[in-house]
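Listed below are the residues making up each chain.
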Amino acid sequence: MRGARKFALVAVALGVLAANRAALHGGAGGATGSTGATGSDSAKARTARLDPKYREWLADVALLIGKDELGQFLALDKDYQRDGFIRRFWEARNPYPGSSHNAFQAQWEARVAAARTQYGNITEDRARMLLLHGEAQQVYKTDCGMAMWPLEIWRYLVGERLPRDTWLVFYQRAGGGPYRLWHRVDGTEVLKSTGGNLGSEGTINDFVIFEQWVYRHCVGSDKQPVIQAIDAAGREDQSGLLDHVFVPPPPRDVEWLGSFRGLSTDLPAGAAPLPARVEVQFPARDRGRTVMQGLVLVPAAAAAPAELEGHRSYNFLLTGEVLHESELVESFRYRFDLPAAGLTGDTLPLAFERTLRAGDYVLVLRVEDLHSHHNFRDERQLAVPAAETLPEIGTTREPPEVAAALAAARAELRAAGAAGSAPPAPGANVHLVPPPVEVQTGAVRLEAQASGDGIRKVTFFLDGKQMLSRVRPPYTVELNLGPVPVTREVRATAYDASGRELASDTLVLNQPKQRFAVRLIEPRSGGSYRGRVLVRAEVHVPDGGSLDRLELFLDDQRVATLYQAPYTQLIPLPAAPARASAPALAPVAGAGGGAAPGPSFVRAVAYLADGASTEDLTVINSRDVVEKLEVRLVELYAAVFDRGGRPVGNLGEGDFRVLDGGEAQTLLRCERVRDLPLHLLFAIDTSASMAETLPQVQKAALAFLRRTLTPKDRAALLTFSDSPVLRMPFTNDLGTLAGALAGLNAERGTALFDSLVYGLSYMKGAQHGQSAVILFTDGGDHLSKLSFDEALAFARRAGVAIYAIGAHVSRLDLQIRGHLSKLAEETGGRSFFIESAAELDGVYAAIEDELRSRYLLAYQPKAPPRAGEFRAVEVRVAADGMRVKTIRGYYP
């Protein structure tokens with residue numbers, strides 16, 4: 001019988017529930033093992049001693065909390081620690097990390113309330129299904145009277161946590177009390193009521209007979225929902241699918257518990273002591289809050305350095321908590337990596353800084369030596385003074401000597417009668433306050449501090465586009481900078497009532513860290529000046545570089561050479577032409593009369609010690625609108641391989657064909673670049689899962705650096721677990737790099753995409769030589785706020801080759817492998833997947849060979865790309881069987 005066969009199928013499917021019943025009734029899944037309290041008696045005793053609000057919370061999350069999480073929670077001794085645990089517990093499950101509204105928490109708490117309202121508890125089987133999966137899309141209820149117990153049949157449609165439609169059968173034994181989830185092993189006998197008449201059927205464990213029995217004994221419409229649900233569920237075998245019913249939704253951050261443990265200031269049982277002393281002071285205020293500066297001094301003789309092939313490094317974790325009236329105000333964590341080669345004195349200083357409001361606090365500190373695992377703990381009272389009693393810090397970006405030089409120069413200019421087409425009002429000043437952190441993304445609030453007479457409004461501009469104006473302080477603007485750190489220029493300009501510009505300030509956000517650049521801040525392009533002009537330049541030198549000199553030119557004549565900051569100089573201007581026919585600018589009131597000199601240009605040229613140079617130019621005293629036209633070449637680094645995968649190094653310009661946006665380009669440069677300087681960023685995963693692999697990674701990385709680095713090359717070290725840390729900026733000092741590598745240790749979770757974007761942002765702007773990221777990781781990403789697509793888009797913009805090395809990544813982890821491969825392919829790098837760290841030497845050798853065997857192809861696009869447009873590029877070679885590897889495209 002067709003219906004009987006279908007019923008048998010659904011009965012088999014429902015039988016899967018029996019194997020998981022213990023999981024459902026025994027609590028949530030999660031990681032196995034326990035930390036802290038162990039054993040059921042201990043757990044019950046600890047739970048009984050908790051404040052009722054914590055017992056209630058544990059009951060509410062019983063289906064969510066894993067054994068490790070429960071053990072850690074029960075091991076906590078203080079309420080503020082429990083409150084912190086609960087916040088981190090929910091944040092680990094927040095689908096939008098860092099957002100003020102936690103959608104998962106709100107949904108769970110709403111389901112708990114709904115279950116209590118509908119069922120009077122959250123322990124009945126229906127209540128548990130409601131908590132884990134929400135309301136069923138279809139619910140059938142039937143009561144066959146004396147034949148069967150009341151039934152509820154729930155249907156969940158396919159969704160994120162259920163791969164296909166799922167049917168669940170609940171029955172209410174004896175017609176009262178809680179509903180139970182039915183399992184095949186229970187047999188259909190449990191579904192009939194005591195007074196049910198089986199007649200000649202004997203038992204109803206045979207499902208064909210059972211369906212006939214349902215038709216016979218459930219009269220009227222009551223039997224229809226049962227038969228319809230059985231018929232629908234029997235259309236396919238759901239064996240294995242119902243496993244998903246019992247799986248609680250996993251936390252987004254599956255490694256959060258390790259991070260929480262790392263933030264604890266409690267000492268582990270039996271921890272050996274580490275001698276140290278603490279100094280705390282309150283030297284200044286910062287935007288209305290008091291600055292607390294702390295210093296932990298550890299005797300060098302008591303510390304245990306790490307050693308890597310003769311290179312030593314001291315490494316500490318400092319964890320702190322600030323309490324106010326027994327509530328946790330904030331927690332913080334610092335890691336200190338101190339290469340032994342650069343240390344002087346008998347103590348190791350570990351400095352930290354926080355900003356607090358005035359009041360009484362308790363400061364708790366814990367310092368762990370990461371190699372001896374000795375610990376220091378300090379707890380002390382803090383009386384934080386009122387901020388207004390302290391001097392302000394951080395209100396200027398200029399060193400004192402620069403500010404003094406500028407003040408003297410402007411005073412001399414005013415005395416000499418110099419003026420511009422829009423002279424500033426006496427004392428008018430605008431200063432854009434830099435944000436507290438370097439990298440800016442998302443919503444950013446900026447403030448302009450404006451002072452002086454006659455200011456009517458302050459207008460903000462973003463990348464030259466007017467955003468808004470403020471007519472009274474505070475002069476603030478909120479800008480949305482997007483999810484990744486793109487360089488943006490913010491300008492704040494003060495105007496008087498007539499619209500005349502009084503003063504202006506510019507702030508560049510997310511400046512490329514490795515750029516070598518000079519910018520003329522003064523004079524203003526298009527301004528009118530007489531007598532003398534104040535020239536002020538800003539120079540940015542990349543990490544590992546050294547500025548040799550800055551040369552200033554007036555037209556083609558060099559007028560000054562500066563070797564150190566401040567880069568400020570007064571330059572005499574030529575007298576105005578005497579001929580009547582000569583073009584002259586109208587005199588500026590208050591400038592002493594006379595005609596202004598003819599058009600001139602001021603040029604600043606900066607030189608690094610290795611001979612690299614960069615320049616900026618400003619045109620003054622010109623009636624015509626002056627527009628800078630920057631001609632940019634596209635530079636591609638391409639590697640060519642033969643059929644055997646070996647680099648090909650004997651090609652010339654005629655062997656290459658470059659397509660930009662589908663159009664063939666004319667090469668202006670084609671050369672092999674074996675000796676071009678390298679800028680290499682080692683990005684090493686130091687999450688907890690790397691504990692066994694990390695020592696071999698350290699040795700292989702050091703061997704690579706020894707073999708590869710030349711005096712012209714630079715390398716930097718970035719490590720990442722739940723956040724990125726720049727261990728060593730760009731340098732060619734092998735000993736310093738080795739010391740940084742020596743101090744690595746594995747802990748906490750993984751934020752791969754955030755860390756990669758941070759590393760690429762740090763590398764942006766390197767203009768001389770090849771740049772590459774050597775990325776080493778063993779798994780996926782559980783913690784990043786950025787998605788893979790956002791990280792990939794940023795990698796395309798950065799133009800830095802990524803060499804991705806995946807260790808112990810299963811062939812079944814297609815997503816992880818796909819992400820690493822895509823990042824490498826799109827940026828002109830290469831991906832490797834290894835099973836043993838012993839393979840690293842061969843991988844590093846292949847990377848070095850490729851970097852030293854690439855071709856540099858440069859051209860000026862025939863069709864200039866539009867701003868923000870991604871331009872696809874393709875490089876072809878004439879010879880058959882050769883493969884070219886380069887970036888897939890670029891942003892202008």
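Computed from a predicted model, the values in this text were never measured in an experiment.

(A) Spotlight on the overall build of the protein. Counting secondary structure elements, the protein contains 17 helices and 40 strands. Counting the 892 residues in the protein, one finds 48% classified as buried. Sequence-distant contacts in the protein: of pairs separated by 6 or more residues, those separated by 24 or more amount to 68%. Accessible surface, the protein as shown: approximately 41200 Å² in total, 49% of it carbon and sulfur.

(B) View of the side chain of Thr750. Looking at the element boundaries, Thr750 is found in the loop between helix H13 (734-742) and helix H14 (752-763). Residue classification places Thr750 among the buried positions, given a relative accessible area of 3%. Here Thr750 is in contact with Glu255, Asp685, Ser687, Phe720, Ser721, Asp722, Gly780, Asp781, His782 and Leu783, once residues within four sequence places are set aside.

(C) Representation of the sheet that holds strand S39 (residues 883-885). Strand order in the open sheet made by the four strands is S30-S37-S27-S39, with antiparallel pairing throughout. Only two strands of the sheet have a single partner each, and these edge strands are strand S30 (667-672) and S39. Between one strand axis and the next, the sheet turns by 25 degrees as a mean value, whatever way the strands run. Bridging between strand S27 (residues 634-641) and S39 involves three bridges; their strand directions are antiparallel. Pairing of Val640 across the sheet is with Val884, part of S39.

(D) Geometry of the layout of surface pockets. There is about 1500 Å³ of room inside the second largest pocket. If you go around the second largest pocket, you meet 43 residues; those closest to its centre are Asp722, Ser723, Pro724, Asp754 and Lys785. Every element with two or more residues in the lining of the second largest pocket is listed here: helix H5 (79-91), helix H10 (256-262), strand S9 (327-339), strand S32 (714-720), strand S33 (724-731) and H14.

(E) Region of interest: the environment of Pro512. For Pro512, the position within the fold is in the loop between strand S19 (501-509) and strand S20 (517-522). For Pro512, a relative accessible area of 17% puts it in the buried group. Residues Pro512 and Ala798, 286 residues apart in the sequence, show an inter-C-alpha distance of 9.8 Å. Contact partners of Pro512, with chain neighbours within four places excluded, come to Thr487, His540, Lys764 and Gly765.

(F) Inspection of the sheet that holds strand S14 (residues 443-451) at higher detail. The antiparallel open sheet is built from three strands, whose spatial order is S13-S14-S17. The open sheet has two free edges, formed respectively by strand S13 (429-432) and strand S17 (475-480), since each of these has just one partner strand. Direction aside, neighbouring strands of the sheet carry axes that sit 25 degrees apart on average. Relative to S17, S14 is paired through six bridges, and the arrangement is antiparallel. Bridge assignment links Val444 to a residue of S17, and that residue is Leu479.

(G) Representation of the pattern of salt bridges within the structure. With the rule as written, the count across this model stands at 36 salt bridges. The salt bridge partner of Asp79 is Arg82, with a shortest N-O separation of 2.7 Å. One end of the pair is Asp79 and the other is Arg82, both in helix H5 and three residues apart, which spans about a single turn. You can call Asp79 partly exposed: its relative accessible area is 38%. The exposure class assigned to Arg82 is buried, which follows from its relative accessible area of 10%.

(H) Representation of the packing of H14 against helix H15 (residues 788-798) within the structure. For the pair H14 and H15, the least separation of the axes is 9 Å and the interaxial angle reads 15 degrees. When the interaxial angle is binned, H14 and H15 end up roughly parallel. In this structure, H14 crosses over H15, and the sense of that crossing is left-handed. Contacts between H14 and H15 involve Phe753, Val757, Leu760 and Ser761 from the first element and Phe788, Ala791, Phe794, Ala795 and Ala798 from the second. Within the contact of H14 with H15, the residues separate by chemical class into eight nonpolar, one polar and no charged.

(I) Region of interest: the nonpolar core. Trp57, Phe73, Phe85, Phe89, Trp90 and Trp108 are the most contacted members of the largest nonpolar core, which totals 40 residues. Elements with a minimum of two residues in this core: helix H3 (52-60), helix H4 (67-75), H5, helix H6 (103-119), helix H7 (125-133), strand S2 (151-156), strand S3 (166-171) and H10. With sequence-adjacent residues up to four places away left out, Phe73 is seen in contact with Leu50, Tyr54, Trp57, Leu58, Arg82, Phe85 and Ile86. In terms of nonpolar packing, the next biggest core, distinct from the first, is built from 38 residues, Leu678, Phe682, Met728 and Val843 among them.

(J) The arrangement of the side chain of Asp754 in detail. Here Asp754 shows up in helix H14. There is no salt bridge for the buried Asp754, and the closest opposite charge comes from Lys785, which lies 6.3 Å off by N-O distance. A polar contact of 2.9 Å, which involves the side chain of Asp754, links it to the backbone nitrogen of Leu786. Setting aside chain neighbours within four positions, we find Asp754 in contact with Asp781, Leu783, Ser784, Lys785 and Leu786.

(K) Structural detail: the packing of aromatic side chains. Tallied over the entire structure, the rule returns 23 aromatic pairs. On the basis of an interplanar angle of 15 degrees and a centroid distance of 6.1 Å, the ring pair of Tyr334 and Phe336 is categorised as stacked. Relative accessible area serves as the criterion here: at 21%, Tyr334 is assigned to the partly exposed category. Connected via pairs of aromatic rings, a cluster forms that spans Tyr54, Trp57, Phe73, Phe85, Phe89, Trp90, Phe104, Trp108 and Trp256. Its end group placed over the ring of Tyr54, Arg82 keeps NZ or CZ at 5.9 Å from the ring centre. The positively charged end of Arg549 is found above the aromatic ring belonging to Tyr607, 3.9 Å away from the centroid.

Criteria and thresholds
- Residues numbered from 1 in each chain as written.
- Predicted model: local features only at pLDDT ≥ 70, side-chain atom pairs only at ≥ 80, totals over all residues.
- Heavy atoms only, no water.
- Helix = DSSP H or I, 4+ residues; strand = E, 2+ residues; numbered from the N terminus.
- Buried < 20%, exposed > 50% of the residue type's maximum accessible area, 1.4 Å probe, protein only.
- Contact = heavy atoms within 4.5 Å.
- Areas by Shrake-Rupley, 256 points an atom, 1.4 Å probe, with all protein chains shown as cover.
- Pairing = 2+ DSSP bridges.
- Axes fitted to C-alpha atoms, helices over the stretch in contact; angles between N-to-C directions.
- 1 Å grid on protein atoms, 1.4 Å probe; cavity = no way out; pocket = protein on both sides within 12 Å on 5 of 7 lines; lining within 4 Å.
- Points joined across faces, edges and corners; volume = space filled by probe spheres on them.
- Salt bridge = Lys/Arg side-chain N within 4 Å of Asp/Glu carboxyl O.
- Parallel < 35°, antiparallel > 145°, perpendicular 65-115°, else oblique.
- Left-handed = near helix turned anticlockwise from the far one by under 90°.
- Nonpolar A, V, L, I, M, F, W, Y, C, P; charged D, E, K, R; others polar.
- Core = buried A, V, L, I, M, F, W, Y, C linked by side-chain atoms within 4.5 Å.
- Lys, Arg positive; Asp, Glu negative; His and termini not counted.
- Polar contact = N/O pair within 3.5 Å; in protein donor to acceptor, adjacent residues only side chain to side chain.
- Phe/Tyr/Trp six-rings, centres within 6.5 Å; stacked < 30°, edge-to-face > 60°.
- Lys NZ or Arg CZ within 6 Å of the ring centre and 35° of its normal.

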